[in-house]
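Chains, contacts and geometry: an overview
As a plain string of letters, each chain reads:
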Amino acid sequence: MAAFGNFGLFGDGPGDFPHPGIGGVFRQTYRAYSVLMLPGAERQDVERGGKIIMPPSALDQLTRLNIVYPMLFKLLNKNSARVTHCGVLEFVADEGRIYLPYWMMRNLLLDQGDLVELESTALPVATFSKFQPQQTEFLDITNPKAVLENALRSFACLTRSDVLAIQYNNKVYELMVMEVQPSDAVSIIECDMNVDFAPPVGYKEPQREQPKAIQPDSDIVSDGAAIHDEGFKAFAGAGQRLDGRKPKQVSAVTSASDSSPRRGVPNYGYKKGKLTFPKDLSKPKAVEKEETGECSSFEPFSGKGATIRQKRKPNP
């Protein structure tokens, strides 16, 4: 049985607020069906939003009650005690029926043809909302806030704990309304609302790889010593001549100090943030020989010249 009553300026529900000019509260019971059951062409615009389709008789009753705009309604499934809120898109449904988006029927735990109570209400304007994506694929969207803002244009209100369904790039993403302010049910028509996101369901923070521990200097020195103990000598191979002759034997005299490069001495007194530039105070070998008098007996241009042309002997 459908119920209709006039209760003055105030509604008797938890989400009702007084408005000047309201003559009563609209309350009816309808059979709920999914938008897919609506006769005619497929209505994707209804499926993507948060508004329902009501019968023409409801518009006549709402007009006589002088209901304030925008028209917002509370949907109640008495069997499961599930509640949500919605707006109205059109008044073209069959009498005794209303057509809901499929995600709204799932929130109310309704099957096709179940009874649902519809009641007019007034909701405060939203100031803040927080959503939790139900799939980790939602993180692949480049600008999720812009996508959500565009999708919410088809919604009239939000209810805490509802799971909304939005479409983007031929994919359906579900988001749970974790928090709304200033009430558990708010209107989002012409509002300035801050939006926040919680981590998606099943999301795990990527684990960062721990940096490898740096080996102490002693290990590095020991490894280096092992390398130089192999006795590597640059250009120590034998050459070959193209004419087939044996190459000259060149005696390569190398000292033990030349076979291994010099190693620097680590600065054990190093302090973080301080740079030191040590100087090599050792004198060059040539300067040391001059000071000790061990100079070589080299005299420039002391050799004898030679000519290729031979002198002619005088004729007898």
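Just above, that's the structure.
Here we summarise the structure given alongside this text. Note that the structure is a prediction, hence the values are computed from the model and not measured. (Residues numbered from 1 in each chain as written. Predicted model: local features only at pLDDT ≥ 70, side-chain atom pairs only at ≥ 80, totals over all residues. Heavy atoms only, no water.)

This paragraph deals with the nonpolar core. Note that soluble globular proteins tend to have their nonpolar side chains buried in a common cluster. Counting 44 residues, the largest nonpolar core has Phe26, Met54, Phe73, Leu75, Leu100, Leu152 and Leu158 as its most contacted members. Excluding residues within four positions of it along the chain, phenylalanine 73 makes contact with Phe26, Met54, Leu62, Thr84, His85, Cys86, Val88, Leu118, Glu119, Ser120 and Thr121. (Core = buried A, V, L, I, M, F, W, Y, C linked by side-chain atoms within 4.5 Å. Buried < 20%, exposed > 50% of the residue type's maximum accessible area, 1.4 Å probe, protein only. Contact = heavy atoms within 4.5 Å.)

Right, let's get into the pattern of salt bridges. Counting across every chain of the model gives seven salt bridges. Residue arginine 241 pairs with aspartate 243 through a salt bridge whose shortest N-O separation is 2.7 Å. The salt bridge partner of aspartate 243 is arginine 245, with a shortest N-O separation of 4.0 Å. What makes aspartate 243 partly exposed here is its relative accessible area of 44%. By relative accessible area, which is 60% here, arginine 245 ends up exposed. The network of salt bridges with common partners includes Arg241, Asp243 and Arg245. (Salt bridge = Lys/Arg side-chain N within 4 Å of Asp/Glu carboxyl O.)

With that settled, consider the sheet that holds strand 9 (residues 163-168). A sheet is described by the order of its strands in space; here four strands give the open sequence 9-10-7-12, paired in mixed fashion. If you trace the sheet from one side to the other, it starts and ends with strand 9 and strand 12 (194-197), each paired once. Put simply, the sheet's adjacent strands are angled 35° from each other on average, direction ignored. Inspection of the sheet shows strand 7 (residues 128-133) paired to strand 12 by four bridges, in the parallel sense. Considered in strand 12, the bridge of lysine 130 is made with aspartate 196. (Pairing = 2+ DSSP bridges. Helix = DSSP H or I, 4+ residues; strand = E, 2+ residues; numbered from the N terminus. Axes fitted to C-alpha atoms, helices over the stretch in contact; angles between N-to-C directions.)

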